[in-house]
Amino acid sequence: FATEPEIVVAPTLERVRVVGSLAALAQGEGTVIGDGLTSGLDTLEEEWRRDGEGPAAVVLLSDGRDTGSEEAPDLAAARAQSLGVPVHTVVLGQFGEGEGGADEELMERIAETTGGSPYTAATADELDGVYDTIRTQISTELGVSDFGAVFVALAGVMAIGATVILLMLVRE
């Protein structure tokens, strides 16, 4: 929430860095949804030029009311779509029309245009639930997996093998 976007952490899978940076982030006035999304996409493209293209997704948290972006939110969404980057939108706080109410249609349009999903969260508990859902969805979309699952599968195979050997020894 600010009149100008600021990238505080480059795209990363290092959750601890992101959480730490968000905790230290100062809240400003206004919301420039289009400019924020454009800034994120610029950073992503820089990363792709440096390290090669890879899977990506954006989670756009907002109060849902653009307060004067230089880049229209719909144009930023079209750019994300052309890059193949889904944008999952999360409207925080007050919903509905009127003073201070979120433009839920805009946020839904951004998500739908890019292949992302729209969410709303009025409370911290609801936001936690949204994060859990998005984390699962992004892990599937980006092919991010739990490396520990490989070890669990190996342990299962070894357990079956040990059982077979044990049964063969008992028969003798």
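Residues numbered from 1 in each chain as written. Predicted model: local features only at pLDDT ≥ 70, side-chain atom pairs only at ≥ 80, totals over all residues. Heavy atoms only, no water.

1. Digging into the pattern of salt bridges
- Tallied over the full model, the rule gives 6 salt bridges.
- The salt bridge involving glutamate 45 is made with arginine 79; its shortest N-O contact spans 2.4 Å. Placement of glutamate 45 in helix H2 (residues 33–51) and of arginine 79 in helix H3 (residues 73–83) is noted, with a sequence separation of 34 residues between them.
- Residue classification places glutamate 45 among the partly exposed positions, given a relative accessible area of 22%.
- Using a relative accessible area of 21% as the deciding quantity, one classes arginine 79 as partly exposed.
- Of the charged contacts, one joins glutamate 47 and arginine 50 as a salt bridge, the two residues approaching to 2.7 Å between their closest N and O atoms. Placement of both glutamate 47 and arginine 50 in helix H2 is noted, with a separation of 3 residues, approximately one turn of the helix.
- Looking at arginine 50, the relative accessible area reads 56%, which means it is exposed.
- In this structure, a network of salt bridges that share partners links the residues Asp42, Glu45 and Arg79. (Salt bridge = Lys/Arg side-chain N within 4 Å of Asp/Glu carboxyl O. Helix = DSSP H or I, 4+ residues; strand = E, 2+ residues; numbered from the N terminus. Buried < 20%, exposed > 50% of the residue type's maximum accessible area, 1.4 Å probe, protein only.)

2. Some details on H3
- Of all the positions in H3, only Pro73, Ala76, Ala77 and Ala80 are classed as buried. For H3, the arc enclosing every buried residue in end-on projection is 100 degrees, short of the 170-degree limit, so these residues lie on one face. Opposite the buried face of H3, at more than 90 degrees from it, the exposed residues are Leu75 and Ser82.
- Those residues of H3 hidden inside the fold are in contact with H2, strand E2 (87–92) and helix H4 (104–114).
- Downstream of H3 by a residue or two, glycine 84 has a phi angle that is positive, lying close to 75 degrees. (Arc of directions from axis to C-beta. Contact = heavy atoms within 4.5 Å.)

3. Some details on the packing of H3 against H4
- Where H3 meets H4, the axes come as close as 8 Å, and the angle between the chain directions of the two elements is 20 degrees. With respect to each other, H3 and H4 are oriented roughly parallel. Seen from above, H3 lies across H4 with right-handed handedness. Across from Pro73, Asp74, Ala77, Ala78, Ala80 and Gln81 in H3, the residues of H4 making contact are Leu106, Arg109, Ile110, Thr113 and Thr114.
- Here the contact of H3 with H4 is composed, by residue class, of 6 nonpolar, 3 polar and 2 charged. (Axes fitted to C-alpha atoms, helices over the stretch in contact; angles between N-to-C directions. Parallel < 35°, antiparallel > 145°, perpendicular 65-115°, else oblique. Left-handed = near helix turned anticlockwise from the far one by under 90°. Nonpolar A, V, L, I, M, F, W, Y, C, P; charged D, E, K, R; others polar.)

4. Some thoughts on the confidence of the model for the chain
- Of all residues in the chain, 72% attain a pLDDT of 70 or more, and the chain-wide mean is 77.
- H3 holds the highest mean pLDDT among the elements of the chain, 95, whereas helix H6 (residues 148–171) holds the lowest, 53. (pLDDT = per-residue confidence, 0-100.)

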